[in-house]
Amino acid sequence: MAEKAVRNSASLNVFLAVAAHPGMPFGIVELAGRGITADAAASRWVLEVGKLSLDGFALADKLIDFGEREHHLVGLWQESRAGEIGVVTFESRLAEIVAATETWAPVPEGPVEDFSGRLRRVLGPGTDG
């Protein structure tokens, strides 16, 4: 039986590739980990806050901004893999992208409702849980 293809965002794919790349300096692996967390937080913000609180045009503008950042990340990784930039430049530019991703979604003040229960997989009859 063929495995189902996993559909990740381009950002997540790059962050995972960076973290798994052999010989990658620890500082860069740490940045990739922060990027994974920031990418997940951004996706969650879109589903739980952005879609509910922004009109279509405002959300579209926000998503276009995120897409541009993702485009820069993919380009940076391609430059690195092609040997067009060194490790120091890669780390510096990656740090800028990660920091921007971490601040992309506004963080509400005060307690935040836990929406994770809505995102959990619902098991059907005859499945083990």
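Here, every reference points to the structure presented above.
Residues numbered from 1 in each chain as written. Predicted model: local features only at pLDDT ≥ 70, side-chain atom pairs only at ≥ 80, totals over all residues. Heavy atoms only, no water.

Asks: Any chance you could explain the overall build of the protein here in plain terms?
Replies: When helices and strands are tallied, the protein shows 5 helices and 0 strands. Reading the secondary structure of the protein in the N-to-C direction produces α-α-α-α-α. Here the protein holds 129 residues, and the buried ones make up 26% of them. The long-range share in the protein, meaning contacts at least 24 apart out of those at least 6 apart in sequence, stands at 71%. (Helix = DSSP H or I, 4+ residues; strand = E, 2+ residues; numbered from the N terminus. Buried < 20%, exposed > 50% of the residue type's maximum accessible area, 1.4 Å probe, protein only. Contact = heavy atoms within 4.5 Å.)

Asks: What's the story with the environment of Glu102 in this structure? I'm lost.
Replies: In this fold, Glu102 is placed in helix α4 (residues 87-102). Note on Glu102: relative accessible area 37%, which makes it partly exposed. The spacing of Glu102 and Gly35 is 67 residues in sequence and 7.5 Å in space, taken between C-alpha atoms. Contact partners of Glu102, with chain neighbours within four places excluded, come to Arg34 and Ala38. A polar contact of 2.7 Å, which involves the side chain of Glu102, links it to the side chain of Arg34. (Polar contact = N/O pair within 3.5 Å; in protein donor to acceptor, adjacent residues only side chain to side chain.)

Asks: Any chance you could explain the nonpolar core here in plain terms?
Replies: In this structure, Val18, Ile28, Leu73, Leu76, Trp77, Phe90 and Leu94 are the most contacted members of the largest nonpolar core, which totals 15 residues. For this core, the elements supplying multiple residues, two or more each, are α1 (10-20), α2 (26-53), α3 (56-81) and α4. In this structure, Phe90 is in contact with Val18, Ile28, Leu76, Trp77, Ser80 and Ile85, ignoring residues within four places of it in sequence. Residues Ala42, Leu59, Phe66 and Trp104 belong to the second largest nonpolar core, which totals 7 residues. (Core = buried A, V, L, I, M, F, W, Y, C linked by side-chain atoms within 4.5 Å.)

What is shown is where atoms sit, not what they do.
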